[in-house]
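Here's the letter readout for the chains.
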Amino acid sequence: MDADLGDLTAFLAVAKARGFRDAARTSGTSASTLSEAVRRLETRLGVRLLHRTTRSVTPTEAGAGLIDRLTPALGAVDAALDAVGSFRDGTAGALRLNVPVSAARLVLPAILPGFLAAYPGIRLEIVADDSFVDVLAAGCDAGIRYDERLEQDMIAIPIGPRIQRMATAAAPIYLDRHGRPDHPRTLLDHACVLGRFASGALTSPWEFERAGKIVRVEPRGPLIVQVGGAMDLAVEAAIAGVGVITLFEDWLRPYLDSGALEPVLEEWWQPFSGPFLYYSDRRLVPPPLRAFIDYVRTTTP
């Protein structure tokens, strides 16, 4: 009985990830595309391959048997294609990425030098923008976003650190004068440096977490800066003693290590999942973008 190789690969990815969403992030396609492929395969074979519930996806007995036979077979196919691929000429062309300023500062520096060295024929343009525009409408090939900012029906793959934290800090001179907060709610008695998105929304409430307990506070302060391009000004203001700042830990780390800033409420710093590279769910991905996707997959933990 005929079965499309892509459908078989999709089934194997979903079965391995135990879910359509996780499989989509690791296989480079959308969850809806994977679901359609598995449904198509089950229709062709006339047998259910996966048990689906709202909480899990597990192979049926027939599905488990198919997995045992598919895994070595598809491994051999991949090896054959990789061998043929080694004869290709170097990839060339333009690649345009739309990314938040935080990603341009904290994620891409560890990736771009190696990528550009591996693909000297690619001309890469980075558009650093915190307004969360439609990347395709903005003329970009792909973007970087955090999970809550991902657009629907887009393919998303992990890029950069998988766990990050928001850090809260202030200059020692400020804390000596005004005291050191011992609970997130005490920040309401402090001057805080805030940010404003291009949409007009403030970067508040600030959210803290400890032992499963989440506390949100809406601090006030004498300084509000534009998120993205003016965040360095916010950091310098905090160092000068203007007030307390909350920002990516990696952004503040050099100043924390040097002592220019002192950690505040460190036991409450909240972790969150790292960013994703995302792009349109289309069959033909431009070669420069495909090269970048493949490179990201090899460098992301």
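What counts, and at which threshold
Residues numbered from 1 in each chain as written. Predicted model: local features only at pLDDT ≥ 70, side-chain atom pairs only at ≥ 80, totals over all residues. Heavy atoms only, no water. Helix = DSSP H or I, 4+ residues; strand = E, 2+ residues; numbered from the N terminus. Expected span 1.5 Å × (residues − 1). Buried < 20%, exposed > 50% of the residue type's maximum accessible area, 1.4 Å probe, protein only. Contact = heavy atoms within 4.5 Å. Arc of directions from axis to C-beta. Axes fitted to C-alpha atoms, helices over the stretch in contact; angles between N-to-C directions. Left-handed = near helix turned anticlockwise from the far one by under 90°. Nonpolar A, V, L, I, M, F, W, Y, C, P; charged D, E, K, R; others polar. Pairing = 2+ DSSP bridges. Phe/Tyr/Trp six-rings, centres within 6.5 Å; stacked < 30°, edge-to-face > 60°. Lys NZ or Arg CZ within 6 Å of the ring centre and 35° of its normal. Core = buried A, V, L, I, M, F, W, Y, C linked by side-chain atoms within 4.5 Å.

S.K.: Where do I start with unusual backbone geometry in this structure?
M.R.: Working note: non-glycine residues mostly have negative phi, and peptide bonds are mostly trans. Here the bond from S204 into P205 is cis, since omega is 10°, no more than 30 degrees from zero. In this structure, R18 is a non-glycine residue whose phi angle is positive, near 60°. Its location among the elements puts R18 in the loop between α1 (5–17) and α2 (20–27). The backbone phi angle of L265 is positive, close to 55°, even though this residue is not glycine.

S.K.: I'm lost on helix α10 (residues 287–299) in this one. Help?
M.R.: At 3.6 residues per turn, the α-helix brings residues three or four places apart onto the same side. For α10, which comprises 13 residues, the first-to-last C-alpha distance of 18 Å matches the rise-based estimate of 18 Å (1.5 Å per residue) to within 8%. Taken as a whole, α10 has its buried residues at P288, L289, A291, F292, I293, Y295 and V296. Tucked inside the fold, the buried residues of α10 contact β3 (92–99), α6 (112–118), β4 (121–128), β5 (142–145), β6 (154–158) and β15 (276–280).

S.K.: I'm lost on helix α8 (residues 231–239) in this one. Help?
M.R.: Taken together, the buried positions of α8 are occupied by M231, A234, V235, A237 and A238. Across the axial projection of α8, the buried residues extend over an arc of 160°, all falling on one side. Considering only its buried residues, α8 is in contact with β8 (191–196), β11 (220–226), β12 (244–248) and α9 (249–258). Following α8 by one or two positions, G241 adopts a phi angle in the positive range, close to 95°.

S.K.: Quick question: what am I supposed to make of the environment of P113 here?
M.R.: Its location among the elements puts P113 in helix α6. For P113, a relative accessible area of 52% translates into the label exposed. Residues P113 and E36, 77 residues apart in the sequence, show an inter-C-alpha distance of 38 Å.

S.K.: Would you take a moment to explain the packing of α1 against α2 for this structure?
M.R.: How two helices sit against one another is set out by the angle between their axes and by the gap between those axes. The contact between α1 and α2 brings their axes to 8 Å, and the two run at 115°. In the crossing of α1 with α2, the sense of the turn from one axis to the other is right-handed. Of the residues in α2, those touching α1 at A13, V14 and A17 are F20, D22, A23 and S27. Here the contact of α1 with α2 is built from residues that sort into five nonpolar, one polar and one charged.

S.K.: Would you mind showing me how to read the pairing of β6 here?
M.R.: Working note: regular strand, side chains alternate between the two faces of the sheet. Counting buried residues in β6 gives four out of five residues, a clear majority hidden from the surface. Note: β6 against β15, five bridges, orientation antiparallel. When the sheet's bridge partners are listed, P158 is paired in β15 with F276.

S.K.: Hey, could you run me through the pairing of β8 in this one?
M.R.: Pairing of β8 with β11 involves five bridges; the strand directions are parallel. Bridge pairing in β11 places L194 opposite I224. With two bridges joining them, β8 and β12 adopt parallel strand pairing. Residue pairing in the sheet places C192 in a bridge with V244 of β12.

S.K.: Looking at this model, I keep getting lost on the packing of aromatic side chains. Mind explaining?
M.R.: Remark: the centre distance and the inter-plane angle together describe each pair of aromatic rings, the angle taken between the planes. Per the stated rule, a full pass over the model turns up six aromatic pairs. Centroid distance F115 to Y119: 5.2 Å. Interplanar angle 40°. Geometry classified as tilted. By relative accessible area, which is 0% here, F115 ends up buried. Residue classification places Y119 among the partly exposed positions, given a relative accessible area of 23%. Joined through ring pairs, the aromatic side chains of F115, Y119, F292 and Y295 make up one cluster. When the ring centre of F276 is taken as reference, the NZ or CZ atom of R162 above it lies at 5.0 Å.

S.K.: Is there a simple way to explain the nonpolar core in this structure?
M.R.: I159, L277 and F292 are the most contacted members of the largest nonpolar core, which totals 24 residues. Of all the secondary-structure elements, those providing two or more residues to this core are β3, α6, β5, β6, β15 and α10. Among the elements that take part in this core, α10 stands out by supplying six residues, more than any other. In this view, I159 contacts V107, L108, I111, I144, P275, F276, L277, F292, V296 and T300; residues no more than four positions away in its chain are not counted. Core analysis: the next-biggest nonpolar cluster, separate from the first, contains 21 residues, V225, L252, L261 and W269 among them.

S.K.: What should I look at first to understand the sheet that holds β15 in this one?
M.R.: Two strands in a sheet stick together by hydrogen bonds in their backbones, pointing the same way (parallel) or opposite ways (antiparallel). Spatial strand order, β4-β3-β5-β15-β6: five strands in an open sheet with mixed pairing. The sheet is open, and its two borders are formed by β4 and β6, each paired with just one other strand. Strand-to-strand twist of the sheet, defined as the mean angle between neighbouring strand axes without regard to direction, takes the value 25°. Strand direction decides the pairing type here: β5 and β15, joined by three bridges, are antiparallel. Looking at the pairing, R145 lines up with F276 of β15. Where α10 meets the sheet, its contacts fall on β3, β4, β5, β6 and β15, and the angle it forms with β3 comes to roughly 65°.

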